[in-house]
Amino acid sequence: MASESSPLLAYRLLGEEGAALPANGAGGPGGASARKLSTFLGVVVPTVLSMFSIVVFLRIDATGPSGLQVLPQGYGWNLLYGSLLLGLVGGVCTLGADLYARASFLTFLLVSGSLTSVLISFVAVGPRNIPLTPRPGRNGSSLPPRFGHFTGFNSSTLKDNLGAGYAEDYTTGAMMNFASVFAVLFNGCTGIMAGANMSGELKDPSRAIPLGTIIAVAYTLFVYVLLFFLSSFTCDRTLLQEDYGFFRAISLWPPLVLIGIYATALSASMSSLIGASRILHALARDDLFGVILAPAKVVSRGGNPWGAVLYSWGLVQLVLLAGKLNTIAAVVTVFYLVAYAAVDLSCLSLEWASAPNFRPTFSLFSWHTCLLGVASCLLMMFLISPGAAGGSLLLMGLLAALLTARGGPSSWGYVSQALLFHQVRKYLLRLDVRKDHVKFWRPQLLLLVGNPRGALPLLRLANQLKKGGLYVLGHVTLGDLDSLPSDPVQPQYGAWLSLVDRAQVKAFVDLTLSPSVRQGAQHLLRISGLEFDSNLLP
């Protein structure tokens, strides 16, 4: 049986249950891999559902005037509805993800059917007047009923809708502008990494992730553009601005729209909660934030991190207190932009460092696209909300400083070291000994240290003498490598580097193994790159 401690989950969709993944992430018995999800099920479906749901569900007041009108309305009631749905999602994720895995494909069919009915309705439904939500007057008096107009395909309607025409958002009372509209619509792109989160379950991740993500994004973009075009061709501006749930009003069968809305929202909510809990659990296991994330380490016998699920559920419950998407859309978008900028910056760093393990297969990838992505994200952050952008960058800086002070796991590796190596190597290759001149002479010191315990004053004296030159600490270990089972020098490097840190000197360390001190000193002279006319301190 597949364990839930594997990357994200070992899904069992339309096939037999795979073997459990070992702790190291390798394949099962005999080297057979437990990964089995195809590009469509593993990348396209979760990405499309995530990208659709944010705008289609949260942007529409599904429990308000355009939704379930039989339910009581108000901030408290809406908070209760959201909490109940979140509790359902959290319960499923806490008990396991089999239900979500089996329902993903069915949900995709429901959403596709709902979208198909909406697209057909634009053509099949004739012109009609749609009543709008009544607004109270200035003195609390009721205004006369207002209507939005579904005109059918009409060139005049399209012409009237071409301009910007920003108006007041009837759900929050705030005046809309380009930045606020972008903040809301940008949430439709937040599911773009849903497929990458399932990399541990794919048959061929290196091929499935880029191919599936591009297909999902292209499909979603096509649907969005088609809906925008059809809406602007058939709905007047009053209807578009005053009723965010007009799809239901013009549908041939309105309940199908609600079914699609709820299905995609619940599916994406479970997917987001599962993914967030797994990331939180990984952070807790690495002990990056100490006791703050300690509850997220708790797992069940099957490996399901239910502690992280409950932790994530609590954080989402706090977000529900905002009440409406438009209230927090700017902040949510800014945080997503920060995350995407961080991803772009990571790819840019790896590309500039020429890391041999970073080999992107996307043919259009280059450091120019990474730099453009970072610049674009930062620009849009400050256009949307300068305060939220500054606060998010400050928070990221504080987190980075905290992680640097605590020190991450040594197995992670540091891209800064790769960047330094790349730059140092590039400039070392540009050094030409034939161009040396006496005007730019610098001392180069090789200090042979026999007993480091009593050599601390000497180390600091040589450090003062070097005056910006090359300073090398050398040590000779007597022995013959042919007669030894392993090299005794390599394990000593850590202790010598600690000595350099403690002495607070700017020096390199070179160690060698030789039958005699004289031969060892000759070895050090050559391997350290010192010239024979330099000053030597024995």
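Just above, that's the structure.
The rules behind the values
- Each chain carries its own residue numbering, running from 1 in the written order of its sequence.
- Totals for whole chains, interfaces and linings use every residue, but because this is a predicted model, local features are given only for residues with pLDDT of at least 70 and side-chain atom pairs only at 80 or more, for both listing and counting.
- No hydrogens and no water enter the side-chain calculation; it runs on all heavy atoms of the structure.
- To qualify as a helix, a DSSP run of H or I must reach at least 4 residues; to qualify as a strand, a run of E must reach at least 2; elements of each kind are numbered from the N terminus.
- Throughout, exposure labels follow a simple rule: accessible area from a 1.4 Å probe, protein chains only, divided by the maximum for the residue type, with under 20% read as buried, over 50% as exposed, and the rest as partly exposed.
- Throughout, a contact is declared for two residues whenever any of their heavy atoms are within 4.5 Å.
- Areas reported as accessible are Shrake-Rupley estimates using a 1.4 Å probe. Residue values count occlusion only from the protein chains shown.
- Within this scheme, the nonpolar core is defined by two criteria: the residues are buried Ala, Val, Leu, Ile, Met, Phe, Trp, Tyr or Cys, and they are joined through side-chain atoms within 4.5 Å.
- Two strands make a pair as long as DSSP finds a minimum of two bridges between them.
- Here an axis means a line fitted to C-alpha atoms, over the contact stretch when the element is a helix, while the angle between two N-to-C directions is reported on a 0 to 180 degree scale.
- In this analysis, a patch consists of residues with relative accessible area above 30% that form no salt bridge, clustered at 9 Å for like charges and at 5 Å for the nonpolar side chains Val, Leu, Ile, Met, Phe, Trp and Tyr.
- Salt bridges are defined as contacts in which a side-chain nitrogen from Lys or Arg sits within 4 Å of a carboxyl oxygen from Asp or Glu.
- Relative orientations are named as follows: roughly parallel for angles under 35 degrees, roughly antiparallel for angles over 145 degrees, roughly perpendicular for angles from 65 to 115 degrees, and oblique for any other angle.
- Crossings are sorted by hand: turned counterclockwise from the far helix by less than a right angle, the near helix makes the crossing left-handed, and turned clockwise it makes it right-handed.
- Residues are grouped as follows: nonpolar covers Ala, Val, Leu, Ile, Met, Phe, Trp, Tyr, Cys and Pro; charged covers Asp, Glu, Lys and Arg; every other residue, Gly included, is treated as polar.
- Cavities and pockets were defined on a 1 Å grid built from protein atoms only: a cavity is a group of points that admits a 1.4 Å probe but offers it no way out, a pocket is an open group of points flanked by protein on both sides within 12 Å along at least five of seven lines, and a lining residue is one with an atom within 4 Å of any such point.
- Grid points are joined across faces, edges and corners, and a volume is the space filled by probe spheres set on the points.
- As used in this structure description, the phrase polar contact means that two N or O atoms lie within 3.5 Å; if the pair is within protein, one of them must be able to donate a hydrogen and the other to accept it, and residues adjacent in sequence are counted only when both atoms belong to side chains.

Caption draft 1: Structural view of the overall build of the protein chain. A tally of helices and strands in the protein chain yields 17 helices and five strands. Relative to its full complement of 538 residues, the protein chain shows a buried share of 38%. Long-range pairs, those at least 24 residues apart, make up 74% of the contacts in the protein chain between residues at least 6 apart in sequence. For the protein chain, the accessible area works out to roughly 30,400 Å², and carbon and sulfur atoms hold 66% of it.

Caption draft 2: Just the nonpolar core, in detail. By size, the foremost hydrophobic cluster in this structure holds 28 residues, and its most contacted members are Phe52, Phe122, Phe150, Leu227 and Phe247. With six residues, helix H1 (residues 39-56) is the single largest residue contributor to this core. If we skip the residues at most four places from it in the chain, Phe150 touches Ser121, Phe122, Val125, Gly126, Pro127, Arg128, Ile130, Thr234, Cys235, Leu239 and Ile250. If you look at the next biggest cluster of nonpolar residues, it comprises 19 residues, including Leu447, Ala455, Leu456 and Ala503.

Caption draft 3: A look at the sheet that holds strand E4 (residues 470-478). Spatial strand order, E3-E4-E5: three strands in an open sheet with parallel pairing. Strands at the two margins of the open sheet, each flanked by one partner only, are strand E3 (444-448) and strand E5 (508-514). Neighbour-to-neighbour, the strand axes of the sheet open up by a mean angle of 25°, direction not taken into account. Pairing geometry for E4 and E5, over seven bridges, is parallel.

Caption draft 4: Structural view of unusual backbone geometry. One non-glycine residue, Ser354, lies in the positive phi region at around 55°. According to the relative accessible area criterion, Ser354 is partly exposed, its value standing at 46%. A positive phi angle is found at Gln504, which is not glycine, with a value near 55°. With respect to the helices, strands and loops of the structure, Gln504 is situated in the loop between helix H16 (493-503) and E5. Residue Gln504 is classed as exposed on the basis of its relative accessible area of 70%.

Caption draft 5: Expanded view of a nonpolar patch on the surface. The grouping of Leu106, Leu109, Leu110, Ile120, Leu252, Trp253 and Ile259 at the surface amounts to a nonpolar patch, some 670 Å² of accessible area in total. If you tally residues by element for the nonpolar patch, the top one is helix H3 (residues 98-124), at four residues. Looking at the secondary structure, you find Leu106 in helix H3.

Caption draft 6: Molecular detail of the packing of helix H2 (residues 75-95) against helix H10 (residues 306-320). Packing of H2 against H10 leaves a shortest axis separation of 10 Å and a crossing angle of 165°. Judged on the interaxial angle alone, H10 and H2 are roughly antiparallel. With respect to the hand of their crossing, H2 and H10 are arranged in right-handed fashion. Across the interface between the two elements, Leu79, Gly82, Ser83, Leu86, Gly87, Gly90, Cys93 and Thr94 of H2 pack against Trp306, Val309, Leu310, Trp313, Val316, Gln317 and Leu320 of H10. The residue inventory of the contact of H2 with H10, partitioned by class, reads nine nonpolar, six polar and no charged.

Caption draft 7: Inspection of the layout of surface pockets at higher detail. When its volume is computed, the second largest pocket comes out at roughly 1,700 Å³. Forming the walls of the second largest pocket are 38 residues, and the residues nearest its centre are Ile192, Met193, Thr213, Val343 and Asp344. When residues of the lining of the second largest pocket are traced back to their parent elements, those giving at least two are H1, helix H5 (178-186), helix H6 (205-234), helix H11 (325-352) and helix H12 (367-384). The element that contributes the greatest number of residues to the lining of the second largest pocket is H6, accounting for twelve residues. Taken together, the residues of the lining of the second largest pocket break down into 28 nonpolar, eight polar and two charged.

Caption draft 8: Spatial organisation of the environment of Thr47. Tracing the backbone shows Thr47 in helix H1. Owing to a relative accessible area of 0%, Thr47 belongs among the buried residues under this scheme. The residues contacting Thr47, other than those within four sequence positions of it, are Gly191, Ile192, Ala194, Gly195 and Ala216. One polar contact links the side chain of Thr47 to the main-chain carbonyl oxygen of Val43, over a distance of 2.6 Å.

Caption draft 9: The arrangement of the environment of Gly245 in detail. Tracing the sequence through the fold places Gly245 in the loop between helix H7 (237-242) and helix H8 (246-250). What makes Gly245 buried here is its relative accessible area of 5%. For the pair Gly245 and Leu258, spaced 13 residues apart in sequence, the C-alpha to C-alpha distance is 9.8 Å.

Caption draft 10: Summary view of the pattern of salt bridges. A full pass over the atoms with the stated rule returns three salt bridges. Glu242 serves as the salt-bridge partner of Arg146, at 3.5 Å between the closest nitrogen and oxygen. Pair noted here: Arg146 is in the loop between strand E1 (128-131) and strand E2 (147-150) and Glu242 is in helix H7, with a separation of 96 residues, a long-range link. In this structure Arg146 comes out as partly exposed when scored by relative accessible area, which is 28%. Using a relative accessible area of 12% as the deciding quantity, one classes Glu242 as buried. One salt bridge connects Asp287 with Lys297, and the closest N-O pair in it is separated by 3.9 Å.

Caption draft 11: Highlighting the pairing of E2. Along E2, the buried face is formed by Gly148 and Phe150; none of Phe147 and His149, which line the opposite face, is buried. Two strands pair when backbone bridges link them, and E1 and E2 are joined in this way by four bridges, in the antiparallel orientation. In the sheet register, Asn129 faces E2, and the bridge partner there is His149.

Caption draft 12: How the structure looks around the side chain of Asp236. With respect to the helices and strands, Asp236 occurs in the loop between H6 and H7. Ignoring sequence-local partners within four residues, the contact set of Asp236 consists of Gly148, His149, Thr157 and Asn161.

Caption draft 13: Representation of the packing of H2 against helix H9 (residues 254-285). Look at H2 against H9: their axes get within 10 Å of each other, and the N-to-C directions meet at 55°. By the angle between their directions, the pair H2 and H9 is classed as oblique. For the element pair H2 and H9, the recorded crossing hand is right-handed. In this structure, H2 contributes Leu85, Val89, Gly90, Val92 and Cys93 to the contact, and H9 contributes Leu266, Ser269, Met270, Leu273 and Ile274. Its residues assigned to classes, the contact of H2 with H9 shows eight nonpolar, two polar and no charged.

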